[in-house]
Structures are given as C-alpha cells and as structure tokens.
Amino acid sequence: MGEKIIITVAVTGSRPTKEMNPAVPYSPKEIIESAVDSYKAGAAIAHIHVRDPKTGKPDFKIEFFKEVLEGIRERCDMLVNLTTSGLFLEGSEVIQQRLQPVNLKPDLCSLDIGSLNFQDRVFVNSPLWGETAAKYMKEKGVKPEIEVFDVGHIYQAIDLIRKGWIDDPPYFQLCMGVKWGISASPENLIFMKNKLPKNALWSVLGIGKDQLPMITMGIILGGNIRVGFEDNIYLSKGRLASSNAQMVEAAAQLALRLGREIANPIEARKILNLKNYL
Ligand code: ZN
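For the structure given in this document, a descriptive report is provided here. (Residues numbered from 1 in each chain as written. Predicted model: local features only at pLDDT ≥ 70, side-chain atom pairs only at ≥ 80, totals over all residues. Heavy atoms only, no water.)

Some words on the packing of helix H7 (residues 211-220) against helix H8 (residues 244-257)
Phase 1 of the analysis: Two numbers describe how H7 lies on H8: the axes approach to 10 Å, and their chain directions differ by 40°. Comparing the axis directions of H7 and H8 gives the class oblique. The interaxial crossing formed by H7 with H8 has right-handed handedness. Of H8, the residues touching H7 (which contributes Gln-211, Leu-212, Ile-215, Thr-216 and Ile-219) are Met-247, Ala-251, Leu-254 and Ala-255. (Axes fitted to C-alpha atoms, helices over the stretch in contact; angles between N-to-C directions. Helix = DSSP H or I, 4+ residues; strand = E, 2+ residues; numbered from the N terminus. Parallel < 35°, antiparallel > 145°, perpendicular 65-115°, else oblique. Left-handed = near helix turned anticlockwise from the far one by under 90°. Contact = heavy atoms within 4.5 Å.)

Next up, the structure:
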C-alpha cells in the first residue's frame, strides 16, 4: 500500500520532565543516544529540541543544537529536524533567535505557521515570522516541516507555497490534539488531510492518549507518523514508555502489520526530495 512510511521520533520536546518519566532525555548526550536508539528501531527522522542538561528546562542554545546534530550525524545517517518553535523565547530578537538552528543546515527544520492558544500559553507565529522563516529556510536549503495545529494554519502555508517560498513537495506535520488546537478525531484528521495541496506529503502526530489512534489512521491513510516523548510519555494506558526507541518499535510493528514498509533514511530523503544529501 503506497509509499514507504517515514517514522519521526520527537525525542524530548520542551514539556515532559524526568519527574513525569525518568527516561525523558535532557542533555545533548542523552538526546543523541535516544535518537540513535530510535534510528535502530526504525525512525528515519529525529525531531530535536534542546534542554538545560541540569534542570531540564527548555533551552535554545545553538551550541546544544550543534552538539546534537553533529553527534547524531557521527553515529548514523538519520535525518535531523531541528525545531524553530522557540515557544519560550521572548523579546524583540525572537525571529532571529528562532532562525538560528537553520544556520546549522540540518536536513529539516520545523516551521510553525499560525498562532494559537497552546495549553496554558499563547504560541505566537505572526505572518511576518512565517514568511521570514520560509524564505530563510529556502535560502539555506533546509526543508521546512510545516507544523499545523488547526485548519487555518494550512491556508497560511498554502499562501506561502503560492508565493514561491516553500519548495515542492510541501511537507506537513498535522499536529492533532494539542490543547486548544484541533482535536484528534478521525473526522478532523481526514478533514485536515483533505485541505492539503494535492502534491503535499504529510505526517501526523497525536498528543497523549491520542497518539495511537492518530498514527494508526496515518498509517492506513498513506501518511507518515511521529511518535516520541515530546508528544506522549506512555506506551499504553498507565504504562510509561521506557524509551523513545520502544515507542518507535511499537509504531514500526503496527505499520508493518497494516501493510506499510518502513522507509530508511536514504528512502526518506528521496521521498521528501531533499537536496542537501550528505
Ligand atoms: Zn517540537
């Protein structure tokens, strides 16, 4: 059935803590280790945030991003997707700060295109941010992974695609079930998918208990999927995941059982039409 499936592992994000699940990685070394183990379990892409190694607080130090990117590339050929969400950054230099990971030339960077109330915060992604970031990623040859949390965000992405700032094929991450974003129902996922441009590639993630239903639908509908501690710390109800790799392995087995083969990093590069081959 269809193209091979790309599994992304979102190894740490900015929210889960070791108090919630002791296996959540904080330091660059822990993050590298967790990404490489996930690669061995079937993940072709690692989506990376960085943390303060001691406190686990979200961090945005470019040295940490660099260490993680280089550390993963030394150990395996998986694709690296650095976040530009900067959800915790404030001040007049925010756009420049958020774009710093693009300078490291990872394979992909996340591109958050629209604003929303995000759990207990406001996630601000102004039209100026979206256009500036899309242009900058294009200039640097870094493919954007367009993260959309509701349907209006898709329309904003389509506007940028029409203006020529995002190369074909556009690659979307449908983020389902973030509190105050679009909820993670089957109807909503199909609705979102149907709003994408015809040639779009897409992946889906679900938050917490919505992870398994959403990735199952993603597999069946011919999309790609994301798992990992950024989205969910449980393997099943009441049972904490022991590692990112364990979640990747479970997702890969599910995909195989449903008739989808798993894309390795080389195949993922081809599917995504990445220009910056290593
Ligand atoms: Zn992220």
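Remarks on the side chain of Asn-244
Phase 1 of the analysis: Residue position: Asn-244 is located in helix H8.
Phase 2 of the analysis: In this structure the side chain of Asn-244 is engaged in a polar contact, spanning 2.9 Å, whose partner is the backbone nitrogen of Phe-229.
Phase 3 of the analysis: Setting aside residues up to four positions removed in sequence, Asn-244 forms contacts with Val-9, Ala-10, Val-11, Pro-25, Ser-34, Ser-38, Gly-228 and Phe-229. (Polar contact = N/O pair within 3.5 Å; in protein donor to acceptor, adjacent residues only side chain to side chain.)

Let's talk about the environment of Ala-46
Phase 1 of the analysis: Mapped onto the elements of the fold, Ala-46 is located in strand S2 (residues 45-48).
Phase 2 of the analysis: Sequence spacing of Ala-46 and Ala-241 is 195 residues, and the spatial spacing of their C-alpha atoms is 17 Å.
Phase 3 of the analysis: Setting aside chain neighbours within four positions, we find Ala-46 in contact with Val-9, Ala-35, Ile-72, Met-78, Leu-79, Val-80 and Asn-81.

Observations concerning unusual backbone geometry
Phase 1 of the analysis: Omega for the bond connecting Asp-168 with Pro-169 falls within 30 degrees of zero, at -15°, which places this linkage in the cis form.
Phase 2 of the analysis: Structurally, Pro-169 is set in the loop between helix H5 (151-162) and strand S10 (171-176).
Phase 3 of the analysis: A positive phi is found at Lys-105, a non-glycine position, where the angle reads about 55°.
Phase 4 of the analysis: Judged by its relative accessible area of 43%, Lys-105 falls in the partly exposed class. (Buried < 20%, exposed > 50% of the residue type's maximum accessible area, 1.4 Å probe, protein only.)

So, the coordination of the zinc ion
Phase 1 of the analysis: Distances from the zinc ion to its protein donors, His-47 (NE2), His-49 (NE2) and Glu-230 (OE), fall within 2.0 to 2.2 Å.
Phase 2 of the analysis: The motif formed by the donor residues of the zinc ion, counted along the single chain, is H-x1-H-x180-E. Taken together, the residues His-49 in the loop between S2 and strand S3 (50-51) and Glu-230 in the loop between strand S12 (224-227) and strand S13 (234-236) connect sequence positions 181 residues apart.
Phase 3 of the analysis: According to the relative accessible area criterion, His-49 is buried, its value standing at 8%. (Donors = N, O, S within 2.8 Å, 3.2 Å for Na, K, Ca; no water.)

Here we look at the pattern of salt bridges
Phase 1 of the analysis: Taken as a whole and assessed by the stated rule, the structure comprises 19 salt bridges.
Phase 2 of the analysis: Between Glu-267 and Lys-4 there is a salt bridge, with the nearest N and O atoms lying 2.8 Å from each other. Placement of the pair is Glu-267 in helix H9 (residues 265-272) and Lys-4 in the segment before strand S1 (7-10), with a sequence separation of 263 residues.
Phase 3 of the analysis: Overall, the relative accessible area of 27% leaves Lys-4 in the partly exposed class.
Phase 4 of the analysis: A salt bridge links Lys-18 to Glu-30, with the shortest nitrogen-to-oxygen separation between them at 3.3 Å. (Salt bridge = Lys/Arg side-chain N within 4 Å of Asp/Glu carboxyl O.)

With respect to the sheet that holds strand S5 (residues 79-82)
Phase 1 of the analysis: Spatially, the eight strands close up into a barrel ordered S1-S2-S5-S6-S9-S10-S11-S12, and their pairing is parallel. Neighbouring strand axes in the sheet, compared pairwise and without regard to direction, differ in orientation by 25° on average.
Phase 2 of the analysis: Note: S10 against strand S11 (residues 201-206), six bridges, orientation parallel. Across the sheet, residue Cys-175 finds its bridge partner in S11, namely Leu-205.
Phase 3 of the analysis: Each of strand S9 (143-148), S10 and S11 touches helix H6 (residues 186-195); the most contacted strand, S10, lies at about 160° to it. (Pairing = 2+ DSSP bridges.)

Bear in mind that shape data such as this cannot, by itself, settle questions of function.
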